[in-house]
Amino acid sequence: MIPLVFADAQVEQVIKKIGGSDEVKRHLANLGFTVGGTVTVVNSLSGNLIVKVKESRVAVNEEMARRIMV
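To keep things clear, this report deals only with the structure shown in the data block.

Attention now moves to the sheet that holds strand β3 (residues 38-45). Sheets are built from strands that pair by backbone hydrogen bonding, the pairs being arranged parallel or antiparallel. Reading across the sheet, the four strands line up as β1-β3-β4-β5 and stay open at both edges, with antiparallel pairing between neighbours. Single-partner strands in this sheet number two, and they are β1 (12-14) and β5 (56-60). Neighbour to neighbour, the strand axes of the sheet diverge by 35° on average, direction disregarded. Across three bridges, β1 lies against β3 in antiparallel orientation. Residue pairing in the sheet places Glu 12 in a bridge with Thr 40 of β3.

As C-alpha cells, this is what we get:
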C-alpha cells in the first residue's frame, strides 16, 4: 500500500484504506472516496492532486491524499 500522493498518474488504483479522524473519513466518503472504490490521478501539482473518482474530478490537497492508501 502507498499513499495516493505517490500513485502513478493515469493509472486506476483501488482504495485499500482511508486514515484520519472520523470527520476526515466522512468528508472523503462524501467526495466519493470509499474502500474498495477506484481512483485515478489525473494531474499532480506540488503534491496537490486532481483525481477522478466515481466519474467526477475532485481536487485533493496533499494532506488528504496522504490519508488515502491505494
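Read on, since the account is not over.
Right, let's talk about the pairing of β5 for a bit. Walk down a regular strand and you will see the side chains alternate between the two sheet faces. Sheet analysis places strand β4 (residues 48-53) next to β5, joined by five bridges and oriented antiparallel. The residue of β5 that forms the bridge with Ile 50 is Ala 59. The hairpin formed by β4 and β5 contains two residues between the paired strands, and Lys 54 there has a positive phi angle of roughly 50°.

Definitions and cut-offs
Residues numbered from 1 in each chain as written. Predicted model: local features only at pLDDT ≥ 70, side-chain atom pairs only at ≥ 80, totals over all residues. Heavy atoms only, no water. Pairing = 2+ DSSP bridges. Helix = DSSP H or I, 4+ residues; strand = E, 2+ residues; numbered from the N terminus. Axes fitted to C-alpha atoms, helices over the stretch in contact; angles between N-to-C directions.

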